[in-house]
Amino acid sequence: MRYKVTKAIFPVAGLGTRFLPATKSIPKEILTLVDRPLIQYAIDEARAAGITEFVFVTSRGKSALEDYFDRAPELESALKEKNKSELLTLLEATNMESGAIAYVRQNQALGLGHAVWCARHLIGDEPFAVILPDDVITGEEPCLKQMVEAYAELGGNMVAAMEVATDKASAYGILDVPPSVSRCLPVRGMVEKPAAGTAPSNLAIIGRYILTPQVLRNLDGQQRGAGGEIQLTDAIAQEIRNSDNVHGYRFSGQRFDCGSKAGYLQATVAFALSRPDLRDELEAYLQELLATRQAAQ
Ligand code: UTP
């Protein structure tokens, strides 16, 4: 049997406190890596994986996100008049087909699990993907596409996983998995933000998931977990106990944590250096800057 995933949830209702004051009025997902907002990378990755229905879980103050995917008729006609066809193509590529995106509101930021649960009526009884736009993943093959291919063979639930340093484990959800070098690992347990020295492995959960609708049912009445939030990890962990069908998928690619300032800045530099139109100037600037700093020490 082959399993197909066509729906994805994008939880974008968080408060984004690590980017205050910018996120007082700008949704975190609209922050740009060079000239493209974080959410555009997430949408492109979903499309590459065959997703056709996009569900955004939003909150107050996120209307810039809705506008971003709409048409911009005034801009389009201004660019047409000025014969700026390259820019026009760039702009049109961001338009989403009418009805492709649905928005549901999370009226209180109660946690990622709660945000995903808010989309339950739009998901129905189908498997679905979840993409956290602040985890930006680069690589030859988009991360969700790799997962969708593995999932087609395995079904069940799948979470993206990445090795992290032991002293960083308490910042992540960590998988309890048998020692193995394979890409797909059966998960025996998972723990959200384990106390230092108690992590069951070095494999951290990253913001890409493929889940069964049963996880949404598990979220019905889910109690608050780590950090006082309703955790998606807890609802997935329930599936390990109920049906033993959760896999960790060690993706190939580089992940940037754009929800943190340091990760966001690293991604900005890496993305700019990968752009032929910016690389030379930026590289020369960085070299000069580092040389000046070293000379001053
Ligand atoms: P984060 O843990 O990064 O939280 O959420 P945050 O609110 O976005 O940012 P900080 O920590 O205050 O700086 C991970 C993802 O889950 C979504 C966020 O929008 C982000 O995509 N989320 C989180 C929700 O949609 N609702 C919530 O209640 C919590």
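It should be noted that the structure appears before, not after, this text.
Quick caveat: nothing in here was measured; it's all calculated off a predicted structure.

S.K.: Would you mind showing me how to read the packing of helix α10 (residues 261-273) against helix α11 (residues 279-296) here?
M.R.: For any two helices packed against each other, the geometry is given by the interaxial angle and the distance between the axes. Two elements in contact, α10 and α11, have axes whose closest approach is 8 Å; the angle formed by their N-to-C orientations is 130 degrees. The angle between α10 and α11 places the two elements in the oblique class. Across from V269, A272 and L273 in α10, the residues of α11 making contact are R279, L282, E283 and L286. Tallied by class, the residues present in the contact of α10 with α11 amount to five nonpolar, no polar and two charged.

S.K.: Honestly, the site of the ligand in this entry has me stumped. Any pointers?
M.R.: Taken together, 18 residues lie near the ligand, and P11, L15, T17, K28 and Q106 sit nearest. In this structure, L110 approaches the ligand through a main-chain N or O atom, which is 3.3 Å from an oxygen atom. Within the side chain of D134, an N or O atom sits 3.5 Å from an oxygen atom of the ligand. Protein chains bury 83% of the 570 Å² of accessible surface belonging to the ligand in isolation. When grouped by side-chain class, the residues that make up the shell around the ligand number nine nonpolar, five polar and four charged.

S.K.: Would you mind going over the nonpolar core with me for this structure?
M.R.: Note on soluble globular proteins: their nonpolar side chains tend to be buried together. The biggest cluster of nonpolar side chains holds 39 residues, and the ones touching the most others in it are F10, F54, F56 and L144. Contributing elements (two or more residues each) for this core: β1 (7-11), α1 (38-48), β4 (53-58), β6 (128-131), α7 (143-154), β8 (157-163) and β12 (203-211). For this core, the element with the highest residue contribution is α7, accounting for six residues. One finds C118, V177, A235 and I240 within the second-largest nonpolar core, a separate group that totals 35 residues.

S.K.: What's the story with the packing of aromatic side chains in this structure? I'm lost.
M.R.: Pairs of aromatic rings are described using the distance from one ring centre to the other and the angle between the two planes. Tallied over the full model, the rule gives eight aromatic pairs. Relative to F56, the ring of F10 lies with its centre 5.2 Å away and its plane at 45 degrees, an arrangement referred to as tilted. Here the residue F10 occupies a position in strand β1, and F56 occupies one in strand β4, the gap between them amounting to 46 residues. Take F10 and F56: they sit in the same class, and that class is buried. Pairwise contacts between aromatic rings join F10, F54, F56, Y68, F69 and Y103 into one cluster.

Basis of the calculations
- Residues numbered from 1 in each chain as written.
- Predicted model: local features only at pLDDT ≥ 70, side-chain atom pairs only at ≥ 80, totals over all residues.
- Heavy atoms only, no water.
- Axes fitted to C-alpha atoms, helices over the stretch in contact; angles between N-to-C directions.
- Helix = DSSP H or I, 4+ residues; strand = E, 2+ residues; numbered from the N terminus.
- Parallel < 35°, antiparallel > 145°, perpendicular 65-115°, else oblique.
- Contact = heavy atoms within 4.5 Å.
- Nonpolar A, V, L, I, M, F, W, Y, C, P; charged D, E, K, R; others polar.
- Near = heavy atom within 4 Å.
- Polar contact = N/O pair within 3.5 Å; in protein donor to acceptor, adjacent residues only side chain to side chain.
- Areas by Shrake-Rupley, 256 points an atom, 1.4 Å probe, with all protein chains shown as cover.
- Core = buried A, V, L, I, M, F, W, Y, C linked by side-chain atoms within 4.5 Å.
- Buried < 20%, exposed > 50% of the residue type's maximum accessible area, 1.4 Å probe, protein only.
- Phe/Tyr/Trp six-rings, centres within 6.5 Å; stacked < 30°, edge-to-face > 60°.

Everything listed is a geometric property; what it means functionally is a separate question.
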